[in-house]
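# Structure assessment
Residue-level listing of the chains:
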Amino acid sequence: MPKHVAKPPIRKHTGRSRSQSNRGRTAGRASGEASPYDAGMAGAGAGPAERTEPRREVSRLPKAHLHLHFTGSMRHGTLLELAERDGIALPDSLVEDWPPRLSAADEKGWFRFQRLYDVARSVLRTPDDVRRLVLEAAEDDVRDGGRWLEIQVDPSGYAARFDGITAFTDLVLDCVRDASERTGLGIAVVVAANRTRHPLDARTLARLASQYAGRGVVGFGLSNDERRGSTEDFVGAFRIADRAGLLLAPHGGELRGPDHVRQCLDRLGAHRLGHGVRSAEDPALLDRIVEAGVALEVCPVSNVSLGVYSDLTSVPLPQLLAAGATVALGADDPLLFGSRLAGQYATMRAAHDLDDATLARLAEMSFEASRAPSDVVAAAKRDIAAWLA
Ligand SMILES: [Zn+2]
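Residues numbered from 1 in each chain as written. Predicted model: local features only at pLDDT ≥ 70, side-chain atom pairs only at ≥ 80, totals over all residues.

Let's shift gears to the environment of V308. Mapped onto the fold, V308 is located in the loop between α10 (300–305) and α11 (317–322). For V308, a count of 21 C-beta atoms within 10 Å puts it in the buried group. Considering only alpha carbons, one finds V308 and S103, 205 residues apart in sequence, at a separation of 8.3 Å. Look past the residues within four positions of V308 in its chain and what remains in contact with it is E254, L255 and N303. (Helix = DSSP H or I, 4+ residues; strand = E, 2+ residues; numbered from the N terminus. Buried ≥ 20, exposed ≤ 12 C-beta atoms within 10 Å, placed from the backbone. Contact = placed C-beta atoms within 7 Å.)

Written as structure tokens, this is what we have:
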């Protein structure tokens, strides 16, 4: 259907256009011009007009990417092409109105987000589709300065089409090795359970992840709508993952606040928090997080797209940094939010007027919070220092 033919998306909206406080800086930006959501704005001279010193290119800053979901990493053009191939009808919000206007203010809003995610996942039909997705995600991260990627996947979401969770995990790990060899990007996998499914499924996934510990899988997560399901029910799954030495990285502190972050720390033993950004609402909690060295995978554009914050200037990154928190910026689901890895650094630089030393520190922290091998971390830190020099 012609509807699915790739064409330049009409940017009916971006999170930025909803940002009152940033409007002045982008006034006059015609539709079709580079959006601040593109990594392109990371380039020198793309900043506020009043700035005179040269700005280092954000896309050249080495980064580790610690919060990226599997289907959510797909290129928009690839989604359109695969849907066209198989005659899959996509909703307008994934075609001409891309990126979709989203909100997770209530369960209905989240349901809509989840439904779009499920539609996007349905275009992955063959092992070659999966291989292409992983390779393109790796290429895009490399273009954005990525040196290390921990990609998050819930194998049960793909099991029906790819012969079960074990076969799918084998496929993903093979694609990861292949993409890593071809692009030079270090890649590891975080197996994530879905909190809206039965806790026994999560235990099964935790055992699966444990079997692959040290063979490509580095962590265990818990995703989907934080307001649904009971975190307590997933204690068993996280114990299994913990015994295997996996990094424990549940989503928390995104759609729910400090109370749920505490639960993730107390009950699941989280080493790292998917989002965790709302820890900023509770100084005592934030102190505890800093003290414990728990890192926060902050995804600013996702937060604004889903209505966690009204605009990019409201994402409390400066507060988290001032408290001494370890923060790693991530894109979450570029396919649905329209912004990739470098875009997170670029938007936070613009929204909070971050200097280059702060951006370099953010990049360093992304490696410190990762499970990247020590030689990868050391090389990245040398190159981050060189970027800043
Ligand atoms: Zn996420």
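This is not the end of the story, as more comes after the structure.
Where helix α6 (residues 199–211) meets helix α7 (residues 235–243), the closest approach of the two axes is 8 Å, and the angle between their N-to-C directions is 5°. One element, α6, and the other, α7, form an angle in the roughly parallel class. Of the residues in α7, those touching α6 at P199, A202, R203, A206, R207, A209 and S210 are G236, A237, I240 and A241. Split into classes, the residues belonging to the contact of α6 with α7 amount to 7 nonpolar, 2 polar and 2 charged. (Axes fitted to C-alpha atoms, helices over the stretch in contact; angles between N-to-C directions. Parallel < 35°, antiparallel > 145°, perpendicular 65-115°, else oblique. Nonpolar A, V, L, I, M, F, W, Y, C, P; charged D, E, K, R; others polar.)

Compared with an ideal rise of 1.5 Å per residue, which puts 13 residues at 18 Å, α6 spans 19 Å between its outermost C-alpha atoms and is within 8% of the ideal. Where α6 is buried, its residues contact α5 (164–183), β3 (186–194), β4 (217–223) and α7. (Expected span 1.5 Å × (residues − 1).)

This part covers the sheet that holds strand β5 (residues 247–252). What the 8 strands build is an open sheet, ordered β1-β2-β3-β4-β5-β6-β7-β8; its pairing is parallel. Both edges of this open sheet fall to β1 (63–69) and β8 (326–329), since each of them pairs with a single strand only. With direction set aside, neighbouring strand axes in the sheet form an average angle of 25°. By the bridge criterion, 2 bridges tie β5 to strand β6 (residues 272–275) in an arrangement that is parallel. Note on β6: the bridge partner recorded for H251 is G274. Across the sheet, α7 lies against β3, β4 and β5, angled at about 150° from β5, the strand it touches most. Across the sheet, helix α13 (residues 341–352) touches β1, β2 (146–153) and β8, and the angle it forms with β8 is around 120°. (Pairing = 2+ DSSP bridges.)

Omega for the peptide link from W98 to P99 comes to -5°, which places this bond in the cis form. One can find P99 in the loop between α2 (76–86) and α3 (107–121). Residue D163 is not a glycine yet carries a positive backbone phi of 65°. On the basis of neighbour count, D163 is assigned to the partly exposed category, with 13 C-beta atoms found within 10 Å. Here N224, not a glycine, exhibits a phi torsion of approximately 85°, which is positive. If you trace the backbone, N224 turns up in the loop between β4 and α7. According to the C-beta neighbour criterion, N224 is partly exposed, with 19 such atoms within 10 Å.

Ranked by internal contacts, the top residues of the largest apolar core, which has 112 residues, are V189 and V191. Sequence-distant contacts of V189, defined by excluding residues within four places in its chain, comprise I151, V153, V172, L173, V176, G216, V217 and V218. (Core = buried A, V, L, I, M, F, W, Y, C linked by C-beta atoms within 7 Å.)

Once that is clear, we can look at the pairing of β5. Judged by how many residues are buried, β5 sits mostly within the fold: 6 of 6 residues are covered. Both faces of β5 are covered, namely the face carrying L247, A249 and H251 and the face carrying L248, P250 and G252. For β4 and β5, the ladder comprises 4 bridges, and the chain directions are parallel. Bridge pairing in β5 links G221 to A249. In this fold, the crossover linking β4 to β5 by way of α7 has right-handed handedness. A crossover links β5 with its parallel partner β6, the connecting element being helix α8 (residues 258–266), and its sense is right-handed. (Right-handed = clockwise from strand over helix to strand, strands pointing away.)

What follows deals with α7. Residues of α7 that are buried include every one of A237, F238 and A241, and no others. Down the axis of α7, the buried set is contained in an arc of 95°. They therefore lie on one face. Residues of α7 that are buried sit in contact with β3, α6, β4 and β5. A positive phi of about 80° marks G245, the residue just after α7. (Arc of directions from axis to C-beta.)

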